[in-house]
Amino acid sequence: MKSNRLFLLTSAFVILAMALAACGGPAATTEAPQPTAAPPTAVPPTAAPVATEVPTEAPPAFEGLTKAADDCSYGGEFKSIEAVDQFTVKMTLCFPDPAFPSKMAFGVFAIQDKDYLDANGGDSAKMSESPNGTGPYMVKDWVHGDHITLEANPNYWGTPPKTQTVIFRWSPEAAQRLLELQSGTVDGIDNPAPDDFATIEADSNLKLIPRPALNIFYIGLNNAIPPFDNEKVRQAVAMAIDKKRIVENYYPAGSSVAEQFAPEALLPGFSTEGDGAKWYDYDPAAAKALLAEAGFPNGFEATISYRDVVRGYLPLPGQVAQEIQAELAEIGVTLKINVMESGAYLQSVAAGEQSIFMLGWGADYPDATNFYDFHFTGASKNFGAPYEDLVAEIRTAASLSDPAERQQHYDLVNALVKQHVPMIPVANGGSGVAFKTTVEGSHTSPIGNEYFAAMGTGSDQLVWMQNAEPVQLWCADETDGETLRACLQVYDALLAFKLGGVEVVGGLADKWEANADLTEWTFHLRQGVKFHNGADLDANDVVATFVAQWDAKDPNHKGNSGVFEYFNGFFAKQLNAPPPSGN
């Protein structure tokens, strides 16, 4: 289809060129023509265009792709995805989903060029060598271990970037990030250390922008690995963690002790009443007694793992790990601390290899489904086998459109999380970003969607320093914030979040609508959008992008790890998913 379109354009250009040649062509100079003494010469007749050079066949009609499940018994949310016409896509769901537009705005589901996806077999590593998005920036180079250089996309469909070049750099050390900002070698940094907030605010050359605490830091407990397969053990550990002490000693202003997995701002979701409204009190004596009742009167030994990466929900991971180690020692639990590289750590946790671990979550979109569905319904093996009673309540809550009715089920969800203790909610972390005061349009986002095309430095370059290097630059199979932020600059999803906020606005689709029961969603694509490689965006690109993640048997279902954790977490289950291999 795209090659035919190119042929037509080329043919039209040839005809136009011939016509211009017949008329003498365009003027080559702006000087007035000089009079001549010679009489005008008759222009010889121009030969008629050769008929064979003009295409005689109409371009083929658009052939839209469709992928459909036989029925909904496979357990996933998608029933079908259909390219209705060249610029219209319809997604039919197995159950209502009020949060569907927010999910479509999430950058993980950015649209790929179908031909490019096919050419690379959906391999994240290959696609990261030359990312091909529709976003405001194109990848110029990626010097692994050092930096990524982005250049403005001259054909961007939206508002042109204010700055021609954006450079991504990274350092796990908060002190280095601040030092480089103070010395002027970078223009903005992510996650300044809690102790540096006051320093930044006192510097007239810098500005601190707080980021709302729409996140959770938790201690994960895997029920597939003894002794955490014992519910009383998990409850005992929950009682032995002094969350208040952790927040007061290791978190900045704006942070709070977490009582539930969902942040307080997410309503429905956060419970204000019921058994799940408040977590276990800190009570080491009761914890020790419960541990004895579980068969461990002298405690046990285990290894707690974490990645040495700063997050808004965990600003000082090393110190917090040592604090947890000390607190559990009081009830006889001896912890060995294991620090891992970020990417390897995430894959290990998702594979269910860690018994007790430190991790967290920042909202991808402002709905409780982003917290509960993703973590507790079996999208990964973080916590071992899913708790079926918990899964049933989560699924029910997610399918209801009435907020009060949803909240009734979330109250039960929070009570069941407290009973089963798949994790211990510890803190909602306050965090922020810092910029030079000269950076215009600087902002932060409650969901980490800082958008550099809207920022200007007064020069052609903006340098950003974050905590870690992106893993890959096709984000469908990634989960870390550093990667997602980089992808946001290069790719576009069907919808988007308003700058610095969580309101859903148009992206590659400028219009969308749903049927009455929220099971059919239709998206109307902008026309004239091009990928960085010059290919035109059409509805088949949307279908191919989602099918690559949805259908485990699709040729492009490769990614990085092959887990596609977000798709599973957001949409319940993949089509043709392999059977569980056990924990």
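Refer to the preceding data block for the structure.
Now for a description of the structure that goes with this document. (Residues numbered from 1 in each chain as written. Predicted model: local features only at pLDDT ≥ 70, side-chain atom pairs only at ≥ 80, totals over all residues. Heavy atoms only, no water.)

### Considering the overall build of the protein
Put simply, the rule is: Note on conventions: DSSP H or I runs of at least 4 residues are helices, E runs of at least 2 residues are strands, and numbering of each starts at the N terminus. The classification of residues rests on relative accessible area computed with a 1.4 Å probe and restricted to protein chains. Under 20% of the type maximum is buried, over 50% is exposed, and intermediate values are partly exposed. Residue contacts are defined here by distance: any two heavy atoms, one from each residue, within 4.5 Å place the two residues in contact. Note on areas: Shrake-Rupley with a 1.4 Å probe; residue coverage comes only from the protein chains shown.
Within the protein one finds 17 helices and 20 strands. The proportion of buried residues among the 583 residues of the protein is 54%. The contacts of the protein with a sequence gap of at least 6 include a subset with a gap of at least 24, amounting to 69%. Of the roughly 24600 Å² of accessible surface on the protein, a fraction of 53% belongs to carbon and sulfur atoms.

### Overview of the state of the cysteines
Convention followed: In what follows, a disulfide is any cysteine sulfur pair within 2.5 Å.
Counted by the stated rule, this structure contains 2 disulfides. Between the sulfur atoms of Cys 72 and its disulfide partner Cys 94 the distance amounts to 2.0 Å. With the S-S bond torsion at -85 degrees, the cross-link from Cys 72 to Cys 94 turns out left-handed. Taken together, the residues span a long stretch of sequence, with Cys 72 in the loop between β1 (66–68) and β2 (78–85) and Cys 94 in the loop between β3 (88–93) and α2 (100–104) at a distance of 22 residues. A relative accessible area of 29% means that Cys 72 is categorised as partly exposed. You can call Cys 94 partly exposed: its relative accessible area is 23%.

### Brief notes about the pairing of strand β9 (residues 215–221)
For clarity, the threshold we go by: Paired strands, as defined in this entry, are two strands with at least two bridges between them according to DSSP.
Counting buried positions along β9 yields 7 of 7 residues, so the element is predominantly enclosed. The two faces of β9 match: Asn 215, Phe 217, Ile 219 and Leu 221 on one face and Ile 216, Tyr 218 and Gly 220 on the other face are all buried. When β9 meets strand β13 (residues 356–362), the two strands line up antiparallel, connected through 7 bridges. Looking across to β13, one finds that Tyr 218 is bridged to Leu 359. Bridging between β9 and strand β14 (residues 423–428) involves 4 bridges; their strand directions are antiparallel. Across the sheet, the residue bridging to Tyr 218 is Pro 425, located in β14.

### Quick notes on the side chain of Asp 123
What counts, and what does not: Only four residue types enter the tally: Lys and Arg on the positive side, Asp and Glu on the negative side; His and the chain ends are excluded. In the sections that follow, a salt bridge refers to a side-chain nitrogen of Lys or Arg positioned within 4 Å of a carboxyl oxygen of Asp or Glu. In the analysis that follows, any N or O atom pair within 3.5 Å is treated as a polar contact, provided that within protein one partner can donate a hydrogen and the other can accept it, and provided that, for residues neighboring in sequence, both atoms belong to side chains.
Turning to its location among the elements, Asp 123 is positioned in the loop between α3 (114–120) and α4 (124–129). Buried charge without a salt bridge: Asp 123, with Lys 558 as the nearest opposite-charge side chain at an N-O distance of 4.0 Å. Only 2.9 Å separates the side chain of Asp 123 from the backbone nitrogen of Ala 125, close enough to count as a polar contact. Residues contacting Asp 123, with those up to four places away along its chain left out, are Lys 558 and Gly 559.

### Things to note about the packing of aromatic side chains
Operational definition: Between 30 and 60 degrees the pair is tilted, below 30 it is stacked and above 60 it is edge-to-face, where a pair is any two Phe, Tyr or Trp rings, Trp via its six-membered ring, whose centres lie within 6.5 Å. Our definition puts a charge over a ring when NZ of Lys or CZ of Arg is within 6 Å of the ring centre and also within 35 degrees of the ring normal.
Counted by the stated rule, this structure contains 42 aromatic pairs. Across from the ring centre of Tyr 280, 5.1 Å away, lies the NZ or CZ of Lys 418, which sits over that ring.

### With respect to helix α14 (residues 403–420)
Put simply, the test is: Expected helix span is given by 1.5 Å per residue-to-residue step, counting one fewer step than there are residues.
Taking 1.5 Å per residue, 18 residues should reach 26 Å; α14 reaches 25 Å between its end C-alpha atoms and fits that length. Looking only at α14, the buried set comprises Arg 406, Gln 407, His 409, Tyr 410, Asp 411, Val 413, Asn 414, Leu 416, Val 417, Lys 418 and His 420. As for α14, its buried residues are in contact with α7 (231–239), α12 (369–376), α13 (388–398) and β14. Backbone geometry just downstream of α14 places Val 421 in the positive-phi region, at approximately 50 degrees.

### Topic: the packing of helix α8 (residues 243–250) against helix α10 (residues 317–329)
The geometry of a pair of packed helices is captured by two quantities: the angle between their axes and the separation between those axes. Under the convention used in this document: Axis lines are fitted through C-alpha atoms, for helices just across the contact stretch, and the angle between N-to-C directions can take any value from 0 to 180 degrees. Here the angle decides the label: under 35 degrees means roughly parallel, over 145 means roughly antiparallel, 65 to 115 means roughly perpendicular, and every other value means oblique. If you view the pair so one helix is near and one far, a crossing is left-handed when the near helix is turned anticlockwise from the far one by less than a right angle, and right-handed when it is turned clockwise. In this count, Pro and Cys sit with the nonpolar residues alongside Ala, Val, Leu, Ile, Met, Phe, Trp and Tyr, while Asp, Glu, Lys and Arg are called charged and the others, Gly among them, polar.
It is at 11 Å that the axes of α8 and α10 come closest, and there the two elements cross at 150 degrees. Put simply, α8 runs roughly antiparallel to α10. α10 is crossed by α8, and the crossing has right-handed handedness. Residues Arg 245, Ile 246 and Tyr 250 of α8 pack against Gln 319, Val 320, Glu 323, Ile 324 and Glu 327 of α10. In terms of residue class, the contact of α8 with α10 is made up of 4 nonpolar, 1 polar and 3 charged.

### Details of the packing of α13 against α14
Here α13 crosses α14 at 155 degrees, and the two axes come no closer than 9 Å. With respect to α14, the axis of α13 lies roughly antiparallel. Classified by chirality, the crossing of α14 by α13 is left-handed. Contacts from Asp 389, Leu 390, Glu 393, Ile 394, Thr 396, Ala 397 and Ala 398 in α13 reach Arg 406, His 409, Tyr 410, Leu 412, Val 413, Leu 416, Val 417 and His 420 in α14. Here the contact of α13 with α14 is built from residues that sort into 9 nonpolar, 3 polar and 3 charged.

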